[in-house]
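Residue-level structure breakdown
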Amino acid sequence: MLFYLFAAIALAGGLGVVAFRNPVTSAFSLVASFLGLAALFIHLNAFLVGVLQVLVYAGAIMVLFLFIIMLLDIKSDEGPKITKLMGLGAALLAMVFVGMLWRVTVSLKSAPLETLYPEVRSDAHEIGRLLFGEYFFPVQVVGILLLVATIGVVVLSRRAVR
Amino acid sequence: MNQGIEPYLLVSGILFAIGFAGVVLRRNIIVIFMCLEMMLSAANLTLVAFSRHYATPLSTPDYQAHVLLFFIITVAAAEVAVGLAIIVALFRTRRSIDSDSVSALKF
């Protein structure tokens with residue numbers, strides 16, 4: 001079934017990010033993970049969000065990451081070795097979290113998802129109507145946030161002038 | 001499609017846990033940052049799953065969740081831009097991106 005294939009891609013990509021020593025390999029692994037996640041979004045009838053995930057996350061953000069990794073040119077990735085204690089602690093924390101989640105999801109027993117009939121309007125249409133209707137002010141605020149972030153990046157990356 | 005949303009929630013949770021373990025385990029600041037992005041994306045999957053959960057043949061999915069996701073992705077993009085600029089500035093002063101080399105604020 002398609003769900004298991006894409007879930008496996010997303011999870012394997014996620015594991016790769018943590019496991020690979022080379023940051024460039026980690027970044028490509030994260031791209032694979034994001035593509036699997038986007039496929040899961042589309043599987044859930046969220047077409048616009050899936051496309052946004054590919055364009056913004058797997059496209060723009062990961063290119064930025066790769067650009068910075070290659071710009072900094074890191075020779076030795078990790079300094080001191082990861083100790084056994086650290087690995088054990090991280091694994092234990094993650095296990096406890098997944099265990100709690102397992103208990104909750106097993107006890108949830110939600111109804112099976114109902115098949116949706118072909119909709120009259122696409123989801124992009126509906127989301128656009130919400131964004132430029134009910135959520136028009138937040139959209140403007142987010143625009144200002146992006147502007148401030150851009151100015152902040154320019155100021156941060158300028159060499160300090162005395 | 002006749003399964004519930006539990007598999008999606010489980011995938012989301014496991015992906016979040018992997019990202020969390022990565023933040024604890026890795027020392028490379030860029031990899032830590034990538035793990036943070038992964039945790040953010042995993043939370044997005046939960047939003048979409050619940051939005052789909054409340055959809056019936058008669059009603060459309062709850063698109064408010066998709067709008068929230070749109071804002072989350074926008075803020076994440078801004079966060080990545082600023083964070084990577086900070087990492088570059090850090091690399092200029094310390095010549096290293098090891099998280100152990102940044103301990104000036106340590107008590």
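It should be noted that the structure appears before, not after, this text.
Described below are features of the structure shown in this document. Given the structure is predicted, the values throughout are model-derived calculations rather than measurements. (Residues numbered from 1 in each chain as written. Chains lettered and ligands numbered in written order. Predicted model: local features only at pLDDT ≥ 70, side-chain atom pairs only at ≥ 80, totals over all residues. Heavy atoms only, no water.)

**Some remarks on the overall build of chain B**
When its secondary structure is counted, chain B shows three helices and zero strands. Put simply, chain B runs from its N terminus to its C terminus through helices and strands in the order α-α-α. Computed over the C-alpha atoms, the radius of gyration of chain B is 18 Å, more than 25% above the 13 Å expected from 2.2 N^0.38 for a compact globule of 107 residues. Dimensions of chain B, computed from C-alpha atoms along their principal axes, come out at roughly 60 × 25 × 25 Å. (Helix = DSSP H or I, 4+ residues; strand = E, 2+ residues; numbered from the N terminus. Rg over C-alpha atoms; globule rule 2.2 N^0.38 Å.)

**Comments concerning a nonpolar patch on the surface**
Residues and elements named next belong to chain A. On the surface, Leu2, Leu5 and Ile9 cluster together into a nonpolar patch covering about 260 Å² of accessible area. Secondary-structure assignment places isoleucine 9 in helix 1 (residues 2–19). Here isoleucine 9 falls in the partly exposed class, since its relative accessible area comes to 33%. (Patch = residues over 30% accessible without salt bridge, like charges linked within 9 Å, V, L, I, M, F, W, Y side chains within 5 Å. Areas by Shrake-Rupley, 256 points an atom, 1.4 Å probe, with all protein chains shown as cover. Salt bridge = Lys/Arg side-chain N within 4 Å of Asp/Glu carboxyl O. Buried < 20%, exposed > 50% of the residue type's maximum accessible area, 1.4 Å probe, protein only.)

**Notes on the nonpolar core**
Counting 60 residues, the largest nonpolar core has A:Met62, A:Phe65, A:Leu72, B:Ile30, B:Met34 and B:Ile87 as the members making the most contacts within it. Elements supplying a minimum of two residues to this core: helix 1, helix 2 (23–43), helix 3 (47–72) and helix 4 (84–108) of chain A together with helix 1 (6–25), helix 2 (29–53) and helix 3 (63–94) of chain B. Filtering out sequence-adjacent residues up to four positions away, B:Ile87 remains in contact with A:Leu72, B:Ile29, B:Ile30, B:Phe33 and B:Ile97. (Core = buried A, V, L, I, M, F, W, Y, C linked by side-chain atoms within 4.5 Å. Contact = heavy atoms within 4.5 Å.)

**Section: the layout of surface pockets**
Put simply, the largest pocket is a space of about 250 Å³. Lining the largest pocket are 15 residues, and of these A:Leu15, A:Val18, B:Ile18, B:Ala21 and B:Leu25 sit closest to its centre. Counting only elements with at least two residues in the lining of the largest pocket, the list comes to helix 1 and helix 4 of chain A together with helix 1 of chain B. For the lining of the largest pocket, the element with the highest residue contribution is helix 1 of chain B, accounting for five residues. Residue composition of the lining of the largest pocket, by class: 13 nonpolar, no polar and two charged. The space that makes up the second largest pocket amounts to roughly 170 Å³. In terms of lining residues, the second largest pocket is bounded by A:Leu64, A:Phe67, A:Ile68, A:Leu71, A:Val153, A:Ser157, B:Ala81, B:Leu84, B:Ala85, B:Val88 and B:Arg92. (1 Å grid on protein atoms, 1.4 Å probe; cavity = no way out; pocket = protein on both sides within 12 Å on 5 of 7 lines; lining within 4 Å. Points joined across faces, edges and corners; volume = space filled by probe spheres on them. Nonpolar A, V, L, I, M, F, W, Y, C, P; charged D, E, K, R; others polar.)

**Observations concerning the interface of chain B and chain A**
Taken together, the 73 residues of chain B in the interface contact 83 residues of chain A. At the boundary of chain B with chain A, total buried surface from both sides reaches about 7,300 Å², with 77% on carbon and sulfur atoms. At the boundary of chain B with chain A, the tally comes to zero salt bridges. Where chain B meets chain A, there are six residue pairs in polar contact (both at pLDDT 80 or more). (Buried area = accessible area lost by both parts, 1.4 Å probe. Polar contact = N/O pair within 3.5 Å; in protein donor to acceptor, adjacent residues only side chain to side chain.)

**Concerning the pattern of salt bridges**
All names here are of chain A. Overall, the coordinates contain one salt bridge over all chains when judged by the stated rule. Ionic pairing is found between arginine 129 and glutamate 126, a salt bridge with its closest N-O pair at 3.4 Å. Placement of both arginine 129 and glutamate 126 in helix 5 (residues 123–131) is noted, with a separation of three residues, approximately one turn of the helix.

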